[in-house]
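# Tertiary structure, described
One-letter residues, chain by chain:
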Amino acid sequence: MSVKIGELTLKNPIMPASGTFAEGLSQVMDFDRLGAIVTKTVTREVRAGNPTPRVVERPNSMINAIGIPSKGVAHFVEKIIPLYAHLSTPLVVSISAPTADGFACLARDLSLPGVAAIEANISCPNIEEDGKAFAMNADSTATVTRALRAATDLPLWIKLTPNTGDMPAVARAGEAEGADALVVANTILSMAIDLKTFKPSLGNVMGGLSGPAVKPIVLRQVFQCANAVDIPIIGCGGISSAEDVIEYMLAGARAVQVGTATFLQPNIMPRIIEDLQAFCYHRQINRASALTGALLIEEADESDLSWLDPQ
């Protein structure tokens, strides 16, 4: 069941998505069963998050506008890292900042014993680019990845936004500047309206769509990115079963992150691991990693595959 993400070996390909996992889940699962643990996103400053209401349900999906609440770096170093120190499961720290230098400083300060990798959430607004997310275009992705790579020797995962028209180009920019893996992808920008009040359903007006409804979109993006780069892809979007995991791996992902499903079934990840192992056993697949990129596509002319990459 083990998979390799760069130089990091995970005991299986299942891990939580940042923002959907906390230490309290130890009451319903053994953390050492997971492939990795991804923390809530850490920011330099203390953040309260967005105004309420922050979450709205929609058919087969959820829209959230949590706003990355954070207790800051000092609290994370003193209180959170020690909580996971006894585990064999690698700890991946998710970080966010409004500038490339801010990302670099955070990565440098959090490259500490007990931290196995840095996941940079570059889906956040870049104040040096009029508030557009870093991962919206290749140039800003290259700038922030270059700064991050210079700041840490830890494995560097770059989390991309699905809200871009040219994700393969963004993926290549991250790879070229030293990313060890790409997480594809964050939530899809969306909104909802309350017909009783004629007001936005979220206090922040817009939020991020997640859950099973987004899976076909993100699955396509994983497929495109896996065909655009050589570094590992970690799929993230609408995963709630082993079948979802297998689809992502066939499309090119080496591992996956589970998010919204954990809110509905807090112990869903160990169940997915068991079901994935059972699938491999019954299909006589000796290594789960053999699923990665094993999608079968009939022979076609290059022109027929032009949709793979807008470029």
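A brief report on the enclosed structure follows.

Calculation notes
- Residues numbered from 1 in each chain as written.
- Predicted model: local features only at pLDDT ≥ 70, side-chain atom pairs only at ≥ 80, totals over all residues.
- Heavy atoms only, no water.
- Pairing = 2+ DSSP bridges.
- Helix = DSSP H or I, 4+ residues; strand = E, 2+ residues; numbered from the N terminus.
- Buried < 20%, exposed > 50% of the residue type's maximum accessible area, 1.4 Å probe, protein only.
- Polar contact = N/O pair within 3.5 Å; in protein donor to acceptor, adjacent residues only side chain to side chain.
- Contact = heavy atoms within 4.5 Å.
- Right-handed = clockwise from strand over helix to strand, strands pointing away.
- Salt bridge = Lys/Arg side-chain N within 4 Å of Asp/Glu carboxyl O.
- Phe/Tyr/Trp six-rings, centres within 6.5 Å; stacked < 30°, edge-to-face > 60°.
- Core = buried A, V, L, I, M, F, W, Y, C linked by side-chain atoms within 4.5 Å.

## Thoughts on the sheet that holds strand 3 (residues 14–16)
- Spatial ordering of the open sheet is given by 3-16-15-10-9-8-7-4, a layout of 8 strands whose pairing is parallel. Taken across any chain shown, the strands that pair with only one partner, and hence form the sheet edges, are strand 3 and strand 4 (37–38).
- As paired elements, strand 4 and strand 7 (residues 91–95) share 2 bridges and run parallel to each other. By the bridge assignment, Ile37 is partnered in strand 7 with Leu91.

## With respect to the environment of Arg220
- Along the chain, the position of Arg220 falls in helix 5 (residues 215–226).
- The sequence separation of Arg220 and Ala185 amounts to 35 residues, and the corresponding C-alpha distance is 11 Å.

## Focus: the side chain of Thr39
- For Thr39, the location among the structural elements is in the loop between strand 4 and strand 5 (55–58).
- Thr39 sits in the buried class, given a relative accessible area of 5%.
- At 3.2 Å, the side chain of Thr39 forms a polar contact with the backbone nitrogen of Ser94.
- If sequence neighbours within four positions are ignored, Thr39 has contacts with Ser18, Gly19, Phe76, Leu91, Val92, Val93 and Ser94.

## Some words on the pairing of strand 7
- A large share of strand 7 lies buried, amounting to 5 of its 5 residues.
- Alternating positions in strand 7 separate into two faces, Leu91, Val93 and Ile95 on one and Val92 and Ser94 on the other, with burial throughout.
- Traced from strand 7 through helix 2 (residues 100–109) to strand 8 (residues 117–121), the parallel crossover comes out right-handed.

## Overview of the pattern of salt bridges
- Applying the stated criterion to the full structure yields 7 salt bridges.
- A salt bridge links Arg33 to Glu274; the nearest nitrogen and oxygen atoms lie 2.9 Å apart. Of this pair, Arg33 sits in the loop between strand 3 and strand 4 while Glu274 sits in helix 8 (residues 268–282), and the two are 241 residues apart along the sequence.
- For Arg33, a relative accessible area of 31% corresponds to the partly exposed category.
- According to the relative accessible area criterion, Glu274 is partly exposed, its value standing at 43%.
- With its nearest N and O atoms 2.8 Å apart, the salt bridge here joins Lys215 to Asp244. One end of the pair, Lys215, is in helix 5; the other, Asp244, is in helix 6 (residues 242–250), with 29 residues separating them in the sequence.
- Owing to a relative accessible area of 12%, Lys215 belongs among the buried residues under this scheme.

## Re helix 6
- Within helix 6, burial applies to Ala242, Asp244, Val245, Ile246, Tyr248 and Met249.
- Tucked into the core, helix 6 has its buried residues touching strand 3, helix 5, strand 15 (233–236), strand 16 (255–258) and helix 8.
- The positive-phi residue at the C-terminal boundary of helix 6 is Gly252, with phi of around 130°.

## A short note on the packing of aromatic side chains
- Using the criterion set out here, one finds 3 aromatic pairs in the structure.
- An angle of 50° between the planes, with centres 4.9 Å apart, marks the rings of Phe21 and Phe31 as tilted. Placement of the pair is Phe21 in the loop between strand 3 and strand 4 and Phe31 in the loop between strand 3 and strand 4, with a sequence separation of 10 residues. Accessibility assignment for this pair places Phe21 and Phe31 in one class, buried.
- One aromatic cluster is present, formed by Phe21, Phe31 and Tyr84 through successive ring pairs.

## With respect to the nonpolar core
- In terms of nonpolar packing, the biggest core is built from 82 residues, with Ile95, Phe103, Leu160, Leu182 and Val184 touching the most fellow members.
- Sorting elements by how many residues they give to this core places helix 8 first, with 6 residues.
- Contacts of Leu160, omitting those with residues within four sequence positions, involve Ile122, Ser123, Ala135, Met167, Val170, Ala171, Leu182, Val183, Val184, Ala185 and Asn186.
- If you look at the next biggest cluster of nonpolar residues, it comprises 17 residues, including Val3, Ile5, Cys236 and Ala255.

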